[in-house]
Amino acid sequence: HIDGHKEDRQRRVATANVHLVLLCPGRKVVDHYENPRNVGTLDKRSKKVGTGLVGAPACGDVMKLQIEVDDDGKIVDARFKTFGCGSAIASSSLATEWIKGKSVGEARSIKNTDIAKELCLPPVKLHCSMLAEDAIKAALADYQLKQQDDQQVVAQASN
């Protein structure tokens, strides 16, 4: 009876692995995990840098994503540090690649479903792509808050 369950589980795992390989021949999730892009930090004190720090208490993943925005509102750099599983690291890495070169508005339109689809994340790892989307939004919000603070300082100085 126990052997039957073991064989059934092995068959399901093998089928899932074949399914992943067929659907995701490039294995981008593995590539982004083994060769993460844009790991590091930017100067969080800079008015041009927005920092997003998000976490998922259920699994313990923590993601810090930072953006640097030029005077034209274009994201010129992005960095991340992630404590978590391979899918969380891959989601962070892909997110930083996607937001570089985009405007703040364009970056806001990146959805977790797009990240999950690109990386072929299985359903149990969808929270990783959700964290990446949340980190982008948090970094954008932090950047915009800094811009509002600058505008208030200028307005007060002119009074």
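It should be noted that the structure appears before, not after, this text.
Residues numbered from 1 in each chain as written. Predicted model: local features only at pLDDT ≥ 70, side-chain atom pairs only at ≥ 80, totals over all residues. Heavy atoms only, no water.

Considerations on the overall build of the protein chain
As a reminder of what qualifies: What counts as a helix is a DSSP run of H or I of at least four residues, what counts as a strand is a run of E of at least two, and both are numbered from the N terminus. Any two residues whose heavy atoms approach within 4.5 Å are treated as being in contact. Accessible surface is estimated by sampling points in the Shrake-Rupley manner with a 1.4 Å probe; for residues, cover comes only from the protein chains shown.
When helices and strands are counted, the protein chain shows six helices and three strands. In sequence order, the secondary structure elements of the protein chain are arranged as α-α-β-β-β-α-α-α-α. Within the protein chain, residue pairs in contact and separated by at least 24 positions form 62% of the contacts whose partners lie at least 6 positions apart. By element, 55% of the accessible surface of the protein chain is carried by carbon and sulfur atoms, the whole surface being about 9,500 Å².

Overview of the sheet that holds strand S3 (residues 75–83)
The line we're drawing: Pairing between two strands is assigned when DSSP locates at least 2 bridges connecting them. The axes are straight lines fitted to the C-alpha atoms, using for helices just the contacting stretch, and the angles between their N-to-C directions are given from 0 to 180°.
Pairing is antiparallel across the open sheet formed by three strands, whose spatial order is S1-S2-S3. On the outer flanks of this sheet lie strand S1 (49–56) and S3, each paired with one strand and no other. Strand-to-strand twist across the sheet, computed as the mean angle between neighbouring axes with direction ignored, equals 15°. Where S1 lies against strand S2 (residues 61–69), eight bridges are found, and the strand directions are antiparallel. Bridge pairing in S2 links glycine 52 to leucine 65. Across the sheet, helix H3 (residues 86–99) touches S2 and S3, and the angle it forms with S3 is around 175°.

Structural notes on H3
What counts here: Each residue after the first adds 1.5 Å to the expected span of a helix. Relative accessible area decides the class of each residue, using a 1.4 Å probe on protein chains only: under 20% of the type maximum gives buried, over 50% gives exposed, and in between gives partly exposed.
Taking 1.5 Å of rise per residue, the 14 residues of H3 would be expected to cover 20 Å, and the 20 Å separating its terminal C-alpha atoms lies within 8% of that figure. The buried fraction of H3 amounts to eleven of the 14 residues, a majority that puts the element mostly inside the structure. Along H3, the positions that sit buried rather than exposed are Ser87, Ala88, Ile89, Ala90, Ser91, Ser92, Ser93, Leu94, Ala95, Thr96 and Ile99.

Things to note about the pairing of S3
As a general feature of sheets, a regular strand has side chains that alternate between the two faces. Here S2 runs beside S3; their pairing, made up of eight bridges, is antiparallel. Each residue of the ladder has a partner; that of glutamate 68, found in S3, is aspartate 77. In sequence, S2 turns back onto S3 through a hairpin of five residues, with glycine 73 there showing a positive phi of about 80°.

Structural notes on the environment of aspartate 72
Along the polypeptide, aspartate 72 turns up in the loop between S2 and S3. Each C-alpha atom, one on aspartate 72 and one on serine 103, is 8.4 Å from the other, the two residues being 31 residues apart in sequence.

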